[in-house]
Amino acid sequence: MKKIIIIGATGETGMYITDYFCRKAKGEFEIIAAGLRKTQFFDRYNIPYYSIDIGKKEAFQMLPQKDVFAVIYTAAVMPGRMKGYNPMLYLETNVCGTLNVLEYCRKVRADRIIFTQTIRDLGNKIGKEIITADAARDFSYKGDHAVYVISKNAAVDLIEHYYQEYGLKRFIFRLPTIYMYTPNKYYCVNGERKIMGFRYMIDQAISGADIELWGEPEKAHDILYVKDLAYLFYLACKSSLDGGMYNAGTGKPITLLEQIKGMIQVFGSDQKKSKIIYCPEKGSARQYTIDISKTQRELGYEPQYGYIDYLKDFKTEMEDNRFADLFQGPAKTKEA
């Protein structure tokens, strides 16, 4: 049976991707997980798991060497998981690690690789124009995200080289923020740990406390649920095309006011509902619209989760906390 290797399976995104493929595709593909953590978590799915460091090319000898159809590659060093600032980690993992993954794909004659790019490669366009799939890069060389974006751009260029030189099909998905439940509600901003804004507002809605709406209520951006991303990866595995760059999203921006009202609706109690406190003097959220027409046209994609659907499923995942034992140890930086 053809194999799908999921590299980064123990990351927050990777765990949902692996779970989806084990439920959706296990009968048509052999699913194999790989990640940095040492864990027995994947025993519950009855699939092989390999603990590897993608920065070490010899580690790939542990993985299957034949019948590999696709490599889903979500492992990365990200600013949101980096305490302090160490730009060398971006190069060691996001560039050198990608080259090691690509060499593995070449040696085992994999048919395709599925990869994630950051929307910040078009950072200067955010809030100014619709983000299209094949737009030329336009990003800032300043700030704590700059080297991260450079490293992801270099990874995309390496993947394109392996497509043109060796015929490795490539499906690269440009991602906005991916929304999902995990036990960890914190991320790093400029190397400092802070609670994620949407998790704070959900906590406020649960307790019935007031929720501040900063800036302009009609500012809107795309809300992509991780299970729609998993669905996209599945479609990429089923596609007969050579791939390319695709936008991942819903194509339907949700205003900040709609976001907060949805949280109150889904997470609030009948006994005490949060009130929205308007704070127009405070900074507005980013606004952007993602064009997913190419993704729809070439891959047959239609989002499965509307905004309220996502919130309801998030609530279910939070109550079930299915992945809690995967994150009992200290958090790593090398998996998205």
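As the structure is a prediction and not an experimental result, all values here were calculated from the model.

Conventions and cut-offs
Residues numbered from 1 in each chain as written. Predicted model: local features only at pLDDT ≥ 70, side-chain atom pairs only at ≥ 80, totals over all residues. Heavy atoms only, no water. Helix = DSSP H or I, 4+ residues; strand = E, 2+ residues; numbered from the N terminus. Rg over C-alpha atoms; globule rule 2.2 N^0.38 Å. Buried < 20%, exposed > 50% of the residue type's maximum accessible area, 1.4 Å probe, protein only. Pairing = 2+ DSSP bridges. 1 Å grid on protein atoms, 1.4 Å probe; cavity = no way out; pocket = protein on both sides within 12 Å on 5 of 7 lines; lining within 4 Å. Points joined across faces, edges and corners; volume = space filled by probe spheres on them. Nonpolar A, V, L, I, M, F, W, Y, C, P; charged D, E, K, R; others polar. Phe/Tyr/Trp six-rings, centres within 6.5 Å; stacked < 30°, edge-to-face > 60°. Expected span 1.5 Å × (residues − 1). Contact = heavy atoms within 4.5 Å. pLDDT = per-residue confidence, 0-100. Core = buried A, V, L, I, M, F, W, Y, C linked by side-chain atoms within 4.5 Å. Axes fitted to C-alpha atoms, helices over the stretch in contact; angles between N-to-C directions. Parallel < 35°, antiparallel > 145°, perpendicular 65-115°, else oblique. Left-handed = near helix turned anticlockwise from the far one by under 90°. Polar contact = N/O pair within 3.5 Å; in protein donor to acceptor, adjacent residues only side chain to side chain.

1. Describing the overall build of the protein
A count of helical and extended segments in the protein gives 8 helices and 15 strands. A compact globule built from 336 residues should have a C-alpha radius of gyration of about 20 Å, and the protein, at 20 Å, falls within 12% of that. Its C-alpha atoms put the protein at 60 × 45 × 40 Å along the principal axes. Buried positions account for 54% of the 336 residues belonging to the protein.

2. A closer look at the pairing of strand E4 (residues 68-73)
Counting buried residues along E4, 6 of its 6 residues qualify, which places the element largely inside the surrounding structure. Pairing of strand E1 (residues 3-7) with E4 involves 5 bridges; the strand directions are parallel. Looking across to E4, one finds that Ile5 is bridged to Val71. Across 4 bridges, E4 lies against strand E5 (residues 112-118) in parallel orientation.

3. Observations regarding empty space enclosed by the protein
One pass over the structure, following the stated rule, counts 2 cavities of 30 Å³ or more. Approximately 30 Å³ is the volume attributed to the second largest cavity. In terms of lining residues, the second largest cavity is bounded by Tyr179, Phe198, Ile223, Gln259, Met263, Tyr307 and Tyr310. For the lining of the second largest cavity, the elements supplying multiple residues, two or more each, are helix H6 (256-267) and helix H8 (307-320). Classifying every residue of the lining of the second largest cavity by side-chain character gives 6 nonpolar, 1 polar and no charged.

4. Notes on the packing of aromatic side chains
Scanning all chains against the criterion turns up 28 aromatic pairs. Ring centres 6.1 Å apart and planes at 45° place the aromatic pair Tyr231 and Tyr301 in the tilted group. Of this pair, Tyr231 sits in helix H5 (residues 226-238) while Tyr301 sits in the loop between helix H7 (293-299) and H8, and the two are 70 residues apart along the sequence. Across the pair, exposure class does not vary: Tyr231 and Tyr301 are buried alike. Their ring planes at 80° and their centres at 6.1 Å tell us that Phe267 and Phe314 sit as a pair that is edge-to-face. Pair noted here: Phe267 is in helix H6 and Phe314 is in helix H8, with a separation of 47 residues, a long-range link. A relative accessible area of 6% places Phe267 in the buried class. Members of the aromatic cluster, each reached through a chain of ring pairs, are Tyr179, Tyr181, Phe198, Tyr225, Phe267, Tyr305, Tyr307, Tyr310 and Phe314.

5. Some remarks on helix H3 (residues 146-166)
Relative to the 30 Å expected for 21 residues at 1.5 Å per residue, H3 spans 30 Å between its end C-alpha atoms, a close match to the ideal helical length. Those residues of H3 that sit buried are Ala146, Tyr148, Val149, Ser151, Lys152, Asn153, Ala155, Val156, Ile159 and Tyr162. Residues of H3 that are buried sit in contact with helix H2 (88-108), E5, strand E6 (169-175) and strand E13 (243-247).

6. Looking at the confidence of the model for the protein
Chain-level pLDDT for the protein is 94 on average; 97% of the residues reach the 70-or-more range. Considering only residues more than four positions removed or in separate chains, one finds that residues 329-336, a stretch of pLDDT under 50, has 33 contacts.

7. Some remarks on the nonpolar core
Core analysis: the biggest nonpolar cluster contains 77 residues, and Ile4, Phe21, Ile72, Phe173 and Tyr310 have the highest contact counts within it. With sequence-adjacent residues up to four places away left out, Tyr310 is seen in contact with Tyr179, Phe198, Ile223, Tyr225 and Tyr305. Among the nonpolar cores identified, the runner-up in size contains 28 residues, and Ala59, Tyr73, Tyr104 and Ala110 belong to it.

8. Quick look at the packing of H6 against H8
What describes two packed helices is the angle between their axes and the distance between those same axes. Following both chains from N to C, one finds H6 and H8 inclined at 45°, their axes separated by 10 Å at the closest point. Accordingly, the angle class assigned to the pair H6 and H8 is oblique. Here the hand of the crossing between H6 and H8 comes out right-handed. For the pair H6 and H8, contact is made by Glu258, Gln259, Gly262, Met263, Gln265, Val266 and Phe267 and by Tyr307, Ile308, Leu311, Lys312, Phe314, Lys315 and Met318, respectively. Its residues assigned to classes, the contact of H6 with H8 shows 8 nonpolar, 3 polar and 3 charged.

9. Considerations on the side chain of Ser274
Along the polypeptide, Ser274 turns up in the loop between H6 and strand E15 (276-279). Since its relative accessible area comes to 9%, Ser274 is described here as buried. Within the structure, Ser274 has its side chain in polar contact with the backbone oxygen of Gln204 (distance 3.2 Å). Here the side chain of Ser274 touches Ala209 through a polar contact of 2.6 Å, landing on its backbone oxygen. Ser274 has contacts with Gln204, Ala205, Gly208, Ala209, Ile211 and Ile264, leaving out every residue within four places of it along the chain.

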